[in-house]
Structures are given as structure tokens and as C-alpha cells.
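# A closer look at the structure
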Amino acid sequence: MAATDITKITEKSSWQDITEGNQIYAAGTSRLFNTGEWRTQTPVFHSEKCKQCLLCVPVCPDSSIPVCESKREDFDYDHCKGCGICAKVCPFDAISMKEGQ
């Protein structure tokens with residue numbers, strides 16, 4: 001029977017184990033997939049400049065800026081794709097972008 005749960009489909013799944021058209025019927029989550037390796041630029045968090053305004057948090061399309069007790073923490077590099085939106089919205093230059101991973 002073809003797998004309809006995304007957690008059961010891997011690069012080792014044979015074509016017989018995949019649904020027609022590779023359709024997924026069950027819910028999946030990006031937390032299971034470390035997509036940060038796609039990055040060509042990496043954000044760098046400068047905590048000494050950060051004023052904890054949290055303007056960077058809602059603009060991150062990958063939810064890669066964790067917040068704990070109303071304070072932002074370092075990036076979740078397993079999921080950050082390096083788009084740089086957070087660096088552009090930071091009014092305090094607490095986030096810079098560097099080339100590579």
C-alpha cells in the first residue's frame with residue numbers, strides 16, 4: 001500500500017511505496033526536515049546591539065527566530081534559509097548577513 005504519511009516517505013522509498021502523483025494526504029510538518037542547508041547567506045545575531053523589540057520575529061518566513069520569555073534567542077539554523085528579511089527590518093543592526101553557512 002502506498003504511503004500517504006509524509007513521515008514515512010524518504011529518499012529510499014521505492015516508487016511502489018509512493019502514491020500516484022506523489023500526493024500526500026496526511027499532515028506533515030517542516031520541523032521534520034532540516035532545510036537550513038539550502039542557505040547561501042547566514043544571519044548573524046549581535047546580542048549586544050539587540051533591544052529585544054522582536055520586529056524580526058514575525059517577518060521570518062521559516063519561524064527560525066525562537067523567543068523564550070519575551071526575549072529572542074539565536075537563530076534556528078536547521079531551518080533558516082538565509083533570506084535576510086530579519087536583517088532588513090532590524091532598526092538596531094543587531095542582525096547582519098554573511099556569505100555561506
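In this report, the structure presented in the accompanying data block is examined. (Residues numbered from 1 in each chain as written. Predicted model: local features only at pLDDT ≥ 70, side-chain atom pairs only at ≥ 80, totals over all residues. Heavy atoms only, no water.)

## With respect to the side chain of Thr42
Mapping Thr42 onto the fold places it in strand E1 (residues 41–45). Within the local environment of Thr42, its side chain forms a polar contact with the backbone oxygen of Gly100, the two atoms lying 2.4 Å apart. Contacts of Thr42, omitting those with residues within four sequence positions, involve Tyr77, Ser96, Met97, Lys98, Gly100 and Gln101. (Helix = DSSP H or I, 4+ residues; strand = E, 2+ residues; numbered from the N terminus. Polar contact = N/O pair within 3.5 Å; in protein donor to acceptor, adjacent residues only side chain to side chain. Contact = heavy atoms within 4.5 Å.)

## What to know about the nonpolar core
Formed by Phe45, Cys50, Cys56, Cys60, Ile65, Phe75, Cys86, Ala87, Cys90, Ala94 and Ile95, the largest nonpolar core amounts to 11 residues. Look past the residues within four positions of Ala94 in its chain and what remains in contact with it is Val44, Phe45, His46, Lys49 and Cys50. (Core = buried A, V, L, I, M, F, W, Y, C linked by side-chain atoms within 4.5 Å. Buried < 20%, exposed > 50% of the residue type's maximum accessible area, 1.4 Å probe, protein only.)

## Here we look at the environment of Arg31
Its location among the elements puts Arg31 in the segment before E1. Classification of Arg31 as exposed rests on a relative accessible area of 71%. C-alpha separation for the pair Arg31 and His79, spaced 48 residues apart in sequence, amounts to 7.8 Å.

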